[in-house]
Amino acid sequence: MKNNKPYVAELVSILGMGFVILIPTLIAGIYGALVTVGAISGIFNLFIHSSSNVSLIRISTRRFKVKKMGELIIGVVAMSLSFYLLLNTILQVQPYIVYSFLGWMVLGFFYLESLDIIRKSQNEQEEN
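These notes cover the structure that comes with them.

Conventions and cut-offs
- Residues numbered from 1 in each chain as written.
- Predicted model: local features only at pLDDT ≥ 70, side-chain atom pairs only at ≥ 80, totals over all residues.
- Heavy atoms only, no water.
- Helix = DSSP H or I, 4+ residues; strand = E, 2+ residues; numbered from the N terminus.
- Expected span 1.5 Å × (residues − 1).
- Bend = angle between axes of the 7 residues up to and from the residue.
- Contact = heavy atoms within 4.5 Å.
- Patch = residues over 30% accessible without salt bridge, like charges linked within 9 Å, V, L, I, M, F, W, Y side chains within 5 Å.
- Areas by Shrake-Rupley, 256 points an atom, 1.4 Å probe, with all protein chains shown as cover.
- Salt bridge = Lys/Arg side-chain N within 4 Å of Asp/Glu carboxyl O.
- Buried < 20%, exposed > 50% of the residue type's maximum accessible area, 1.4 Å probe, protein only.

Quick look at helix α1 (residues 7–62) now. Under the 1.5 Å per step criterion, the end-to-end length of α1 is only 41 Å for 56 residues, more than 12% shorter than the ideal 82 Å. At Ala28, α1 shows its largest bend, some 125°. Where α1 is buried, its residues contact α2 (69–92) and α3 (95–127).

Another aspect to go through is a nonpolar patch on the surface. Nonpolar side chains collect at one region of the surface, where Leu11, Leu15, Phe19, Leu22, Ile23, Leu26 and Ile27 lie side by side and expose about 760 Å² of accessible area between them. Tracing the backbone through its elements, the reader meets Leu11 in helix α1.

Applying the stated criterion across every chain yields a total of one salt bridge. A salt bridge links Lys120 to Asp116; the shortest N-O distance between them is 3.5 Å. Here Lys120 pairs with Asp116, and both are found in helix α3, just four residues apart, close to one helical turn. Overall, Lys120 belongs to the partly exposed group, its relative accessible area being 49%. Relative accessible area serves as the criterion here: at 32%, Asp116 is assigned to the partly exposed category.

And the structure:
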């Protein structure tokens, strides 16, 4: 970071986006790349919406009041719809798109677990 600007993060983002577009374009052509990247981003969008709807339901049930019943109903309906669309999309797209989605999910899980392990080990070293 230089002058409060994240140059390294910007560079990594530019290179990452370049590879995300370049590799599918070289393999499947421009149309295939757009279909693949669009399908993967659509699946991730549905996954994010499903997760946020689950959070809305969890928050609504913790602060349950009769006046807040609308939030709970909206959360359940939205989660059901998002989850249905996610499953329907996964069943209809090409297997390599589903494998890409699941691969990114696994990599994200490993990344978060690694961060958790590193933070726990740092906290243990600070306590000793």
